[in-house]
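Results of the structural survey
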Amino acid sequence: MAAASTLSLALTPTSSDPSLPSSRHRSRLFLSPLTHNPHFLSSQRSRFRLSPKSSCTSASSQSPPSVSDEPTSSSASAAYSSLEDWLKTGNYNFLSNEELLKLQSLQDFRYRRELGIGSLCIRVMRPDETDVTVKLLSESFVESMKLPDWYLPLVSYLVKQYLFERRAAIPHAVTLLGFVKWKDGGGGGEEEEDEGELAGTVEICFNKRGANDSPPTPTPPKDSPYICNMTVNKPLRRRGIGWNLLKASEELISQMSCVREVYLHCRMVDSAPFNMYTRAGYNVVKTDSILVLLLLQSRKHLMLKKLPVPTNDLELEMSGSDPEHVQVGA
């Protein structure tokens, strides 16, 4: 049984966090249920250099919510000021006004749904939630790969480094977290979402500047949005959380990107996630060659969905889940 519908981490140690060792040579470990033999690559340089200008100029694209289409310097400064403590990932002074406003849009993003077990809130991962996210991803990977328990500390260490690296890709890539507040938990409003239980996570790459250097095969276009590293906490699977993580990703992509084609991977052996993706409108566009089996990898489908142009009725589409039939990580 797979523990994640998609879990593919390209890990690069970085010295951006004081808890991590510095190194001139950065090693990469690809953690994925798509391969049974993780492999290392060395001497990789970080590719995320955020600079001004966005390639999205389509008139059909949707502007980030609650921001001006033509930001002034003062509005950009205000956005930066409110995000400074939230990001805590280094110097963002070289970001353009547009990128700063996208950061604000990511911070404000909320996707809420009522499930049979309680209320679900999905939002962007905050820096102080790195450890719980590492735990969820690491346990999912070890389970899906059927690795021995002694492998977990190493996987956790590498996943943490990966998450720190990916934070440098904001606002071109982002990690979402889903929290469940149980019906019988009592009290709690929208401002208390952090008190809920971590239910799942998913990563989104919005464009080429947020893409990984070496994504899994079949290789998706780097200039198109890409959904990966989706996993649901084991006790909470088959309750509609995976479906809503997928729908939240699509909603955020509609806000942040003018490109309507969204890609993701699914292993051929993962029938439950595959059924969910096809029900959500994703179609197989390419499949791994049988030769990948020689590399001890599982064959994967590259799947594509063309999102509709955002409308006022987008919310209606997002509510069409059937929790009893969602089987992420089953």
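It should be emphasised that the depicted structure is a prediction, and the values quoted were computed from it without experimental measurement. Counting restarts for each chain, with residues numbered from 1 along the sequence as it is written. Reporting in this predicted model follows two pLDDT cut-offs: at least 70 for local features of residues, and 80 or more for side-chain atom pairs to be given and counted; totals over whole chains, interfaces and linings ignore these cut-offs and use all residues. Each side-chain value is worked out from all heavy atoms of the structure, with water and hydrogens disregarded.

For the rest of this paragraph, the subject is the pattern of salt bridges. Charged atoms that come close allow side chains of opposite charge to pair. Should a side-chain nitrogen of Lys or Arg be within 4 Å of a carboxyl oxygen of Asp or Glu, the pair is scored as a salt bridge. If you walk through the whole model with that rule in mind, you get 12 salt bridges. The closest approach of N and O atoms between R166 and E203, which form a salt bridge, is 2.8 Å. Here R166 is found in helix α4 (residues 152-167), whereas its partner E203 is found in strand β8 (residues 197-205), with 37 residues between them in sequence. In terms of burial, R166 and E203 fall into one category: buried. For K300, the salt bridge is made with D288, and the minimal N-O distance between the two is 2.5 Å. Of this pair, K300 sits in strand β12 (residues 300-306) while D288 sits in the loop between β11 (283-287) and β12, and the two are 12 residues apart along the sequence. With respect to class, K300 is no different from D288; both count as buried. Several salt bridges share partner residues, and in doing so they unite E143, K234 and R237 into one network. Secondary structure follows DSSP: runs of H or I at least 4 residues long count as helices, runs of E at least 2 residues long count as strands, and numbering of each begins at the N terminus. Buried means the residue's accessible area, taken with a 1.4 Å probe over protein chains only, is under 20% of the maximum for its type, while exposed means over 50%, and partly exposed covers the values in between.

Below, the discussion takes up the packing of helix α5 (residues 241-256) against helix α6 (residues 271-279). Following both chains from N to C, one finds α5 and α6 inclined at 45°, their axes separated by 11 Å at the closest point. One way to sum up the angle between α5 and α6 is to call them oblique. The way α5 lies across α6 gives a crossing that is right-handed. Side by side, α5 and α6 meet where G242, W243 and L246 of the first sit next to M276, Y277 and R279 of the second. Residues were grouped as follows: Ala, Val, Leu, Ile, Met, Phe, Trp, Tyr, Cys and Pro as nonpolar; Asp, Glu, Lys and Arg as charged; and all remaining residues, including Gly, as polar. Residues of the contact of α5 with α6, tallied by class, amount to 4 nonpolar, 1 polar and 1 charged. In this description, a line fitted to the C-alpha atoms serves as the axis of each element, helices being fitted only across the stretch in contact, and the angle between N-to-C directions of two axes falls anywhere from 0 to 180 degrees. The cut-offs work like this: below 35 degrees is roughly parallel, past 145 is roughly antiparallel, 65 to 115 is roughly perpendicular, and the gaps in between are oblique. With the far helix as reference, a near helix turned anticlockwise by less than a right angle produces a left-handed crossing, and one turned clockwise produces a right-handed crossing. Residues count as neighbours in contact if any of their non-hydrogen atoms are within 4.5 Å of one another.

So, about the nonpolar core. L176, I227, I241, L246, L252, Y277 and Y282 are the most contacted members of the largest nonpolar core, which has 40 residues in total. Considering every element that reaches this core, the biggest residue donor is α5, with 8 residues. The residues touching I241, leaving out its near neighbours within four places in the chain, are L115, I117, V180, A199, V232 and L236. Nine residue types can take part in a nonpolar core, namely buried Ala, Val, Leu, Ile, Met, Phe, Trp, Tyr and Cys, and a core is a set of them joined through side-chain atoms within 4.5 Å. Ranked by size, the runner-up nonpolar core spans 10 residues in total, among them L137, F141, Y151 and V155.

Phi is mostly negative for residues that are not glycine, and the peptide bonds are mostly trans. The omega angle of the peptide bond from I170 to P171 is 10°, so this bond is cis rather than trans. With respect to the helices, strands and loops of the structure, P171 is situated in the loop between α4 and β7 (173-182). Cis rather than trans, the peptide bond between T217 and P218 has omega equal to -10°. Along the chain, P218 falls in the loop between β8 and β9 (226-232). Of note in this structure, K146 is not a glycine but carries a positive phi near 55°. Relative to the assigned elements, K146 resides in the loop between α3 (130-145) and α4. Here K146 falls in the exposed class, since its relative accessible area comes to 64%. Positive phi is not limited to glycine here, since R238 has a value of about 65°. Relative to the helices and strands, R238 is located in the loop between β9 and α5. On the basis of relative accessibility, which here comes to 44%, the residue R238 falls in the partly exposed class.

So, about the environment of C205. As for its position among the elements, C205 is in strand β8. For the pair formed by C205 and I227, sequence separation is 22 residues and the distance between their alpha carbons is 6.5 Å. In this view, C205 contacts R166, H172, A173, G210, A211, S224, P225 and Y226; residues no more than four positions away in its chain are not counted.

Take the pairing of strand β10 (residues 261-267) next. Most of β10 is tucked away: 6 of the 7 residues are buried. Pairing between strands is defined by DSSP: at least two bridges between the two strands are required. Where β9 and β10 come together, 2 bridges link them in parallel fashion. Bridge pairing in β10 places Y226 opposite Y263. Direction of pairing for β10 relative to β12: antiparallel, over a ladder of 7 bridges.

Okay, α5 next. The end-to-end C-alpha distance of α5, which contains 16 residues, comes to 22 Å, matching closely the 22 Å that a straight helix rising 1.5 Å per residue would cover. Across the 16 residues of α5, 16 count as buried, placing the element largely inside the fold. The span one expects for a helix is its residue count, reduced by one, times 1.5 Å.

So, about α6. Residues of α6 that are buried include every one of A272, P273, M276 and Y277, and no others. The arc enclosing the buried residues of α6, seen along the axis, measures out at 135°, which places them on a common side. Among the residues trailing α6, G281 stands out with phi positive, at a value near 105°. As used here, the arc belongs to the directions running from the helix axis to the C-beta atoms.

If you trace the backbone, I117 turns up in the loop between β5 (111-115) and β6 (118-124). On the basis of relative accessible area, I117 is assigned to the buried category, the value being 14%. On a C-alpha basis, the gap between I117 and W182 in space is 5.9 Å, while along the polypeptide they are 65 residues apart. Contact partners of I117, with chain neighbours within four places excluded, come to V180, K181, W182, K183, L236, R239 and I241.

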